[in-house]
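Now for the letters of each chain:
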Amino acid sequence: MAGAGLFSALLLLTACGEEAQEHIAPAINPTDSVSTMTSYGVNTLISDSGVIKYRIVTERWDVNTIRQPNRWEFMKGVFFEQFDEQFHVQAYIQADTAWYYDKLKLWKLRGRVRIRNNNGLVYRSEELYWDGIRHELYSNVFSRVITPERTLQGTYFRSDERMSRYTVSNSKGSFIPDEGGEDDSNSSTPADTTQQQAPQRPAAQKHAKTVGD
């Protein structure tokens, strides 16, 4: 996902002489580094390859270029609108907290993660990764996908960015939600699959284990 360039002009770089630097001590460790930019009450559009793809709404947005990898932090929650090429809303995404790692082009969403697309699909989990290089979403924790036809839930989830094709692995079942219908565990649709074993995705697993808050 592109968009960091949108804020580069807002970061004022000043040159300090030796006298001005005498009383400045380095951070004891990376966790002591503060944000280089903080914005409040943000409602802005983000472009990808020159095309507006997202709207971000958040109470607080911190940009930290000191910690490695560089990151944006949304500790007060974040809400996205995702657009198609005609600027039509395709999906809504929200989370209690979020981090975006600029060089990795990776979003990490945590705490009551919710997605709803224009096909009536609803996704719920406590953690979700959004890979801007592979253009996919994935989670290694319990996730639930609810469609007008049925509900899928399991401990591994993978999808394209539009939530049009997705996989729920280590599935806990598939059934028609909130209607008291018969179990639909053996049914299938072209849009999703269920598997007993999660696919081997070293890159996804690596992100989940090594990228910290």
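Up top is the structure.
This section reports on the structure supplied with the text. (Residues numbered from 1 in each chain as written. Predicted model: local features only at pLDDT ≥ 70, side-chain atom pairs only at ≥ 80, totals over all residues. Heavy atoms only, no water.)

Where charged atoms from two side chains of opposite charge approach closely, those side chains can pair. Applying the stated rule across the entire model yields 7 salt bridges. For the salt bridge of E73 with R67, the shortest nitrogen-to-oxygen distance reads 3.8 Å. Exposure remark for E73: the relative accessible area of 12% places this residue in the buried category. The salt bridge involving E127 is made with R110; its shortest N-O contact spans 2.8 Å. (Salt bridge = Lys/Arg side-chain N within 4 Å of Asp/Glu carboxyl O. Buried < 20%, exposed > 50% of the residue type's maximum accessible area, 1.4 Å probe, protein only.)

Next up on the list: unusual backbone geometry. Across the junction of Q68 and P69, the peptide omega takes the value -5 degrees, indicating a cis bond. Locating P69 in the fold gives a position in the loop between β2 (51–64) and β3 (71–74). Positive phi, normally seen in glycine, also occurs at F87, with a value near 70 degrees. Here F87 lies in the loop between β4 (78–83) and β5 (89–95). Residue classification places F87 among the partly exposed positions, given a relative accessible area of 40%. With a phi close to 55 degrees, H135 is a non-glycine residue in the positive phi region. Along the chain, H135 turns up in the loop between β8 (122–131) and β9 (136–139). (Helix = DSSP H or I, 4+ residues; strand = E, 2+ residues; numbered from the N terminus.)

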